[in-house]
Amino acid sequence: MTEEHTIAENLRRVKDRIADAALAAGRRPEDITLVAVSKTKPAEAVAEALAAGQTVFGENRVQEAAAKFPSLRAAHALSLHIIGGLQTNKARDAVRIADVIETLDRPKLADALEVAMAREGRAPKLLVEVNTGAEPQKSGVPRAEADGFIDDCQKRFGNLLAGVMCVPPRAEDPRPHFTWLAGCARRHGLATVSMGMSADFEIAIACGATWVRVGSAIFGAR
Ligand SMILES: *Cc1c(COP(=O)(O)O)cnc(C)c1O
């Protein structure tokens with residue numbers, strides 16, 4: 001089996017599982033967007049996914065995304081999401097290359113993104129990342145500060161602030177985290193809830209995810 005075949009097959013399987021999970025939850029499959037996470041994988045792997053019809057991709061690191069995606073974008077209509085914690089000094093590069101930045105988590109970064117958008121004349125959509133498990137090593141605004149920070153971001157960015165995102169602690173049941181995040185989005189009238197990865201995207205869909213970020217189930221182990 002060629003690798004190309006494998007990625008196309010994996011994509012089809014993941015999409016089938018998304019559709020099944022949506023239907024089981026009384027939701028429409030087309031209301032769930034698959035973000036294919038291509039971090040650490042070569043541009044060739046992304047090209048194979050593009051050939052199989054996948055158009056939305058996620059990358060953790062701005063530098064890696066900047067090395068991989070501009071040439072792919074020249075040849076394909078695609079959407080690039082930055083899903084890793086973002087340093088303030090990378091804000092301008094992120095604004096230059098991304099369609100969505102999923103990891104807005106502090107006022108200093110909001111300042112940097114606002115300046116970068118004005119300078120670049122580009123305005124990616126934004127999600128606020130919440131550190132629902134209060135893990136010290138993870139990015140994300142603490143739960144207790146999330147409502148205030150989201151209010152501020154809605155005032156500052158208007159409709160560019162599209163939703164919320166989280167990565168629950170690995171060793172915990174993700175359900176309470178997913179349920180909390182979906183409720184947070186509802187409170188703020190935000191349409192986008194980005195949650196669920198290879199190990200738990202079906203649970204995330206049951207809890208209200210509208211975007212799932214899936215890497216290894218598509219591209220293989222890292
Ligand atoms: C790597 C990563 C994913 C995808 O993880 P898989 O387990 O490979 O599906 C999703 N979201 C974030 C923030 C990630 O860093």
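Source: prediction; values computed, not measured.

(A) Molecular detail of the site of the ligand. The local shell around the ligand holds 13 residues, among which Lys39, Ser198, Gly215, Ser216 and Arg222 are the closest. Within the side chain of lysine 39, an N or O atom sits 2.7 Å from an oxygen atom of the ligand. In the environment of the ligand, an oxygen atom lies 3.0 Å from a nitrogen or oxygen atom belonging to the side chain of asparagine 60. With the chains in place, 89% of the 390 Å² that the ligand exposes on its own is no longer accessible. Broken down by class, the residue content of the shell around the ligand amounts to six nonpolar, four polar and three charged.

(B) Structural context of the pairing of strand 5 (residues 125-131). Across the seven residues of strand 5, six count as buried, placing the element largely inside the fold. Summarising the sheet, strand 4 (residues 100-104) and strand 5 pair through three bridges and their orientation is parallel. Each residue of the ladder has a partner; that of leucine 104, found in strand 5, is valine 128. Assessed by its sense of winding, the connection that carries the chain from strand 4 through helix 5 (residues 107-120) to strand 5 is right-handed. Direction of pairing for strand 5 relative to strand 7 (residues 161-165): parallel, over a ladder of four bridges.

(C) Just the pattern of salt bridges, in detail. This model, assessed by the stated rule, comprises 16 salt bridges. Glutamate 114 is paired through a salt bridge with arginine 156; the nearest N and O atoms lie 2.8 Å apart. Residue glutamate 114 is located in helix 5, and its partner arginine 156 is located in helix 6 (residues 143-157); the two are separated by 42 residues in the primary sequence. Arginine 156 sits in the partly exposed class, given a relative accessible area of 30%. Through salt bridges with shared partners, one network takes in Arg92, Asp93, Arg96 and Glu120.

(D) Structural view of the packing of helix 5 against helix 6. As a packed pair, helix 5 and helix 6 sit with axes 11 Å apart at the nearest point and diverge in direction by 10 degrees. On the basis of the axis angle, helix 5 is roughly parallel to helix 6. For the element pair helix 5 and helix 6, the recorded crossing hand is right-handed. Taking contact as the criterion, the partners of Pro107, Ala110, Asp111, Glu114 and Met117 in helix 5 are, on helix 6, Phe149, Arg156 and Phe157. Looking at the contact of helix 5 with helix 6 residue by residue, the classes come out as five nonpolar, no polar and three charged.

(E) Expanded view of the pairing of strand 7. Most of strand 7 is tucked away: five of the five residues are buried. For the crossover that starts at strand 7, traverses helix 7 (residues 175-187) and ends in the parallel strand 8 (residues 192-194), the hand is right-handed.

(F) How the structure looks around the UniProt feature "modified residue: N6-(pyridoxal phosphate)lysine" (unreviewed entry) in the chain. With numbering matched to this structure, UniProt assigns "modified residue: N6-(pyridoxal phosphate)lysine" (unreviewed entry) to Lys39. Mapped onto the secondary structure, lysine 39 falls in the loop between strand 1 (33-37) and helix 2 (43-51). In this structure, lysine 39 is in contact with Gly58, Glu59, Asn60, Glu64, Lys68 and Arg222, ignoring residues within four places of it in sequence.

Conventions adopted
Residues numbered from 1 in each chain as written. Predicted model: local features only at pLDDT ≥ 70, side-chain atom pairs only at ≥ 80, totals over all residues. Heavy atoms only, no water. Near = heavy atom within 4 Å. Polar contact = N/O pair within 3.5 Å; in protein donor to acceptor, adjacent residues only side chain to side chain. Areas by Shrake-Rupley, 256 points an atom, 1.4 Å probe, with all protein chains shown as cover. Nonpolar A, V, L, I, M, F, W, Y, C, P; charged D, E, K, R; others polar. Buried < 20%, exposed > 50% of the residue type's maximum accessible area, 1.4 Å probe, protein only. Helix = DSSP H or I, 4+ residues; strand = E, 2+ residues; numbered from the N terminus. Pairing = 2+ DSSP bridges. Right-handed = clockwise from strand over helix to strand, strands pointing away. Salt bridge = Lys/Arg side-chain N within 4 Å of Asp/Glu carboxyl O. Axes fitted to C-alpha atoms, helices over the stretch in contact; angles between N-to-C directions. Parallel < 35°, antiparallel > 145°, perpendicular 65-115°, else oblique. Left-handed = near helix turned anticlockwise from the far one by under 90°. Contact = heavy atoms within 4.5 Å. UniProt positions renumbered as here; feature names shortened; annotations may be inferred.

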